[in-house]
Amino acid sequence: MEGPERIEYEDRSQAPIGVFDSGVGGLTVVREIIRQLPGERITYFGDTARVPYGSKSRETIIRYSRQIVRFLMTRGVKAIVVACNTASAYALEELRPEMEVPVIGVVGPGAKTAAEVTKNGKIGVIGTEGTIDSGIYTRFLSNLRPDIQVLGKACPLFVPLAEEGWLDGEVATVVARKYLEELCHSDIDTLILGCTHYPLLRSTIAKVMGESVTLVNPAYETAISLRRLLQEQGLENKSAWMTEYNSCEFFVSDAAERFQQFAARILHLTTEDTRQIPIEEYQT
Ligand code: DGL
């Protein structure tokens with residue numbers, strides 16, 4: 001496709017940060033970016049037509065991610081945050097050389113925090129099948145600390161539970177108990193919430209795992225890494241007036257209204273102008 005016109009910012013520091021996920025989960029990362037970098041604009045894309053990513057092949061995730069990056073570039077973004085663990089695991093390194101702007105994922109920052117937090121060197125990771133099967137967290141953690149032991153568990157039903165808003169209560173607890181049983185009986189002291197949907201179920205997961213296990217949400221460290229990256233590249237938005245929650249724009253590939261309802265619950269801001277776009281058309 002020829003593609004729509006690309007927005008260009010004369011002063012690149014004024015440009016938004018592109019953030020994407022398979023659906024609504026990446027909003028937990030947006031929430032953290034807003035908290036830590038309130039002066040930045042954000043352009044978010046949630047691939048609501050093609051969620052879940054967690055059970056799809058590497059090739060498919062790379063193709064989807066490439067289309068999304070192409071779309072975000074038309075919005076003039078100055079940096080991209082891959083706010084999806086599955087896409088970070090499968091597509092980030094593949095796409096990085098093709099990127100015209102700096103890009104970060106959530107896996108590196110999540111692994112870094114966990115390696116700092118653990119006392120006994122035994123870390124659990126929960127995520128999608130794709131993220132767990134890729135072994136990406138184990139690789140990052142081993143690079144940081146070769147003595148670390150990692151126990152991974154895919155928890156695919158957490159994604160529809162989060163999307164349905166069933167964050168606590170009986171059903172969420174039963175599902176969490178079933179998935180986390182093995183981790184509960186291991187001696188991990190740290191658990192990485194390796195899927196952007198999972199922080200929404202944090203209280204249920206915490207209850208099941210007990211107080212002896214520290215939960216790590218990679219979003220927190222991702223926002224710190226993003227700030228560092230923007231500083232290093234001279235891309236920080238220093239405009240004093242850009243401090244309100246009016247600086248985000250949202251795009252989805254389907255069901256904009258449903259997305260808006262969800263976003264309102266997570267971000268406590270109005271996302272009424274969420275636009276649906278034909279993401280498949282952003283072919284390379
Ligand atoms: N939010 C995505 C992640 O962090 C997973 C959800 C999905 O399966 O699409 O991996």
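### Quick look at helix 10 (residues 202-209)
Taken as a whole, helix 10 has its buried residues at Thr204, Ile205, Val208 and Met209. The buried residues of helix 10 occupy one face: seen down the axis, they fall within an arc of 125°. Buried residues belonging to helix 10 abut strand 5 (122-127), helix 8 (158-164), helix 9 (170-184), strand 7 (190-194) and strand 8 (214-216). Looking one or two places after helix 10, you find Gly210, whose phi comes out positive at around 85°.

### Remarks on the environment of Ser142
With respect to the helices, strands and loops of the structure, Ser142 is situated in helix 7 (residues 136-144). Reaching out from Ser142, the side chain makes a polar contact with the backbone oxygen of Thr138 at a distance of 2.7 Å.

### Focus: the packing of aromatic side chains
Summed over all chains, the structure comprises 9 aromatic pairs. Taken together, a centroid distance of 5.0 Å and an interplanar angle of 70° make the contact between Phe71 and Phe251 edge-to-face. With Phe71 in helix 2 (residues 58-74) and Phe251 in strand 9 (residues 248-252), this pair connects stretches of sequence that are 180 residues apart. With respect to burial, Phe71 and Phe251 carry one shared label: buried. An angle of 80° between the planes, with centres 5.3 Å apart, marks the rings of Phe71 and Tyr282 as edge-to-face. Taken together, the residues span a long stretch of sequence, with Phe71 in helix 2 and Tyr282 in the segment after strand 10 (275-276) at a distance of 211 residues. In this structure Phe71 comes out as buried when scored by relative accessible area, which is 3%. By way of ring pairs, the aromatic residues Phe45, Phe71, Phe251 and Tyr282 are connected into one cluster.

### Remarks on unusual backbone geometry
Following Val51, the chain continues to Pro52 via a peptide bond in cis, the omega torsion being 5°. Within the secondary structure layout, Pro52 lies in the loop between strand 2 (42-46) and helix 2.

### A look at the sheet that holds strand 6 (residues 149-154)
One open sheet holds the 4 strands; their spatial order is 6-5-7-8, and the pairing between them is parallel. Edge strands, defined here as strands with exactly one partner in the open sheet, are strand 6 and strand 8. Each neighbouring strand pair of the sheet contributes to a mean axis angle of 25°, computed without reference to strand direction. As judged from the 3 bridges shared by strand 7 and strand 8, these two strands associate in the parallel manner. The residue bridging Thr190 from the neighbouring strand is Thr214, located in strand 8. Packed on one face of the sheet, helix 7 meets strand 5, strand 6 and strand 7 and runs near 130° to strand 7. Running over the sheet, helix 9 touches strand 5, strand 6 and strand 7 and is turned about 165° from strand 6.

### Observations regarding the site of the ligand
Surveying the vicinity of the ligand reveals 14 residues, the closest of which are Ser22, Tyr53, Gly54, Thr86 and Thr196. Between the ligand and Asp21 there is a distance of 3.0 Å, counted from a nitrogen atom to a side-chain nitrogen or oxygen. In isolation the ligand exposes 300 Å². Once the protein is present, 99% of that is buried. Here the ligand occupies the largest cavity. Split into classes, the residues belonging to the shell around the ligand amount to 6 nonpolar, 7 polar and 1 charged.

### Digging into empty space enclosed by the protein
Going through the model one piece at a time under the given rule, you end up with 3 cavities of 30 Å³ or more. In this structure, the largest cavity occupies an estimated 90 Å³ of space. As for the largest cavity, its lining consists of 14 residues, of which Ser22, Thr86, Thr128, Cys195 and His197 are closest to the centre. Among the residues making up the lining of the largest cavity, the classes are represented as 6 nonpolar, 7 polar and 1 charged.

### Brief notes about the side chain of Asp189
Its place among the elements puts Asp189 in the loop between helix 9 and strand 7. Buried within the structure, Asp189 lacks any salt-bridge partner; its nearest side chain of opposite charge belongs to Lys119, at an N-O separation of 6.3 Å. Here Lys119 takes part through its backbone nitrogen, which lies 2.7 Å from a polar atom of the side chain of Asp189. Those residues in contact with Asp189 that lie beyond four places of it in its chain are Thr118, Lys119, Asn120, Lys122, Ser212, Val213 and Thr214.

### Focus: the sheet that holds strand 4 (residues 103-105)
Read from one edge of the open sheet, 6 strands run 4-3-1-2-9-10, paired in parallel fashion. Strands with a single pairing partner mark the edges of an open sheet, and in this sheet they are strand 4 and strand 10.

How each quantity is defined
Residues numbered from 1 in each chain as written. Predicted model: local features only at pLDDT ≥ 70, side-chain atom pairs only at ≥ 80, totals over all residues. Heavy atoms only, no water. Buried < 20%, exposed > 50% of the residue type's maximum accessible area, 1.4 Å probe, protein only. Helix = DSSP H or I, 4+ residues; strand = E, 2+ residues; numbered from the N terminus. Arc of directions from axis to C-beta. Contact = heavy atoms within 4.5 Å. Polar contact = N/O pair within 3.5 Å; in protein donor to acceptor, adjacent residues only side chain to side chain. Phe/Tyr/Trp six-rings, centres within 6.5 Å; stacked < 30°, edge-to-face > 60°. Pairing = 2+ DSSP bridges. Axes fitted to C-alpha atoms, helices over the stretch in contact; angles between N-to-C directions. Near = heavy atom within 4 Å. Areas by Shrake-Rupley, 256 points an atom, 1.4 Å probe, with all protein chains shown as cover. 1 Å grid on protein atoms, 1.4 Å probe; cavity = no way out; pocket = protein on both sides within 12 Å on 5 of 7 lines; lining within 4 Å. Sits in = over half its atoms within 2 Å of the grid points. Nonpolar A, V, L, I, M, F, W, Y, C, P; charged D, E, K, R; others polar. Points joined across faces, edges and corners; volume = space filled by probe spheres on them. Lys, Arg positive; Asp, Glu negative; His and termini not counted. Salt bridge = Lys/Arg side-chain N within 4 Å of Asp/Glu carboxyl O.

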